[in-house]
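Now for the letters of each chain:
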Amino acid sequence: MARTPVLMGVVNVTPDSFSDGGRWLAPDAAIAHGRELLADGADILDIGGESTRPGATRPLVEEELGRVVPVIAALAQDGATVSVDTMRAEVAAAAVAAGATVVNDVSGGLADPRILEVVAEAGVRYVAMHWRAHADHMRDFAVYDGPGGVVAAVRDELATRVEAILAAGVAPDRIVLDPGLGFAKKAGHSWELLQDLGPLTALGYPVLVGASRKSFLGRLLADPSGTARPVDQREHANTAITVLLAQRGVWGLRVHDVRAARDALRVVERLGSTPAAQTRGTTGRGAGG
Ligand code: PMM
């Protein structure tokens, strides 16, 4: 039985994230939301101040700092394990100073290579996601024509990132890799990656996956006219992914609805820990048992 994955709950302190833009922009609202996610069973709170929705424009660094730092400080003060979702070295440094112990960089160090020095210096955990370009033009990069398609490309490009991360002085046991579902990926690419995480796992680092609310789920669940399922109605599909990936042994899952994911993981744990002998030979018990 695989270890239960870490649940990373998302707190987007942005006006424009596709999944929950604007809902937690005020610091008090973001802090309250973080506390709610902790109560729901989050292991890590991922605080982000830049929307990476396809087509999004970047905030100024001052704007990003102003959004995330007060929220990180308050939640770290509460004793939460806090991650900062940023591509900028300056924001990562301020976040670590405010109490963050994880840097979640969707660019894997490509957007601002100095972020690797910040991470190395601080000794914090570093999530390196597969990324090819900023949100305003990432769609142009969703091409995976080489041998092995998207699965091999993501593995190879992340392996190259790992070399740079190690060269910057980050300890190997601090590194987590993420296939970057939806980032410079068409829906089919995200499904292929989910189907075959093996080559990525074989690089030897823990793997984090963020499928929650993404458009490839909206497309799968489209209505008969082809209209994608709205963002806030994709949770059951994410719960199915949570169960499957828990069984496949991923290290962590980045989710918006922590309660749903935690419930699903409890079921996986309960079933996985039930000795076969206990269930064999039990007859005549109703579903309520
Ligand atoms: N997805 C988003 C933002 N940050 N970080 C990691 N490590 N993995 C992801 O898949 C990921 C991420 C975009 O989703 P959001 O707008 O709902 O936060």
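Structure: see above.
So, here is what we can say about the structure in this document.

Reading the values: the criteria
- Residues numbered from 1 in each chain as written.
- Predicted model: local features only at pLDDT ≥ 70, side-chain atom pairs only at ≥ 80, totals over all residues.
- Heavy atoms only, no water.
- Phe/Tyr/Trp six-rings, centres within 6.5 Å; stacked < 30°, edge-to-face > 60°.
- Helix = DSSP H or I, 4+ residues; strand = E, 2+ residues; numbered from the N terminus.
- Buried < 20%, exposed > 50% of the residue type's maximum accessible area, 1.4 Å probe, protein only.
- Near = heavy atom within 4 Å.
- Polar contact = N/O pair within 3.5 Å; in protein donor to acceptor, adjacent residues only side chain to side chain.
- Areas by Shrake-Rupley, 256 points an atom, 1.4 Å probe, with all protein chains shown as cover.
- 1 Å grid on protein atoms, 1.4 Å probe; cavity = no way out; pocket = protein on both sides within 12 Å on 5 of 7 lines; lining within 4 Å.
- Sits in = over half its atoms within 2 Å of the grid points.
- Axes fitted to C-alpha atoms, helices over the stretch in contact; angles between N-to-C directions.
- Parallel < 35°, antiparallel > 145°, perpendicular 65-115°, else oblique.
- Left-handed = near helix turned anticlockwise from the far one by under 90°.
- Contact = heavy atoms within 4.5 Å.
- Nonpolar A, V, L, I, M, F, W, Y, C, P; charged D, E, K, R; others polar.

Looking now at the packing of aromatic side chains. Aromatic ring pairs are reported here in terms of the distance separating the ring centres and the angle at which the planes meet. If you walk through the whole model with that rule in mind, you get 1 aromatic pair. Measuring from centroid to centroid gives 5.0 Å for Trp 191 and Phe 216, while their planes differ by 85°, and the two rings are edge-to-face. Of this pair, Trp 191 sits in helix H6 (residues 187-195) while Phe 216 sits in helix H8 (residues 215-220), and the two are 25 residues apart along the sequence. Note on Trp 191: relative accessible area 28%, which makes it partly exposed.

Turning our eyes to something else, we now look at the site of the ligand. Inspection of the region around the ligand gives 18 residues, with Ser 19, Asn 104, Asp 178, Lys 214 and His 256 positioned closest. Here a nitrogen atom of the ligand and a side-chain polar atom of Asp 178 are 2.7 Å apart. For the ligand, the accessible surface in isolation is 410 Å², of which the surrounding protein chains cover 98%. Structurally, the ligand is housed in the largest pocket. Only strand S1 (6-12) and strand S5 (125-129) provide two or more residues apiece to the shell around the ligand.

Another point: the packing of helix H3 (residues 89-97) against helix H4 (residues 114-122). Interaxial distance between H3 and H4 falls to 8 Å at its minimum, and their mutual angle equals 20°. In terms of orientation, H3 lies roughly parallel with respect to H4. In the crossing of H3 with H4, the sense of the turn from one axis to the other is right-handed. Along the contact surface, H3 presents Ala 89, Ala 92, Ala 93 and Val 96, while H4 presents Arg 114, Ile 115, Val 118 and Ala 122. Tallied by class, residues from the contact of H3 with H4 come to 7 nonpolar, no polar and 1 charged.

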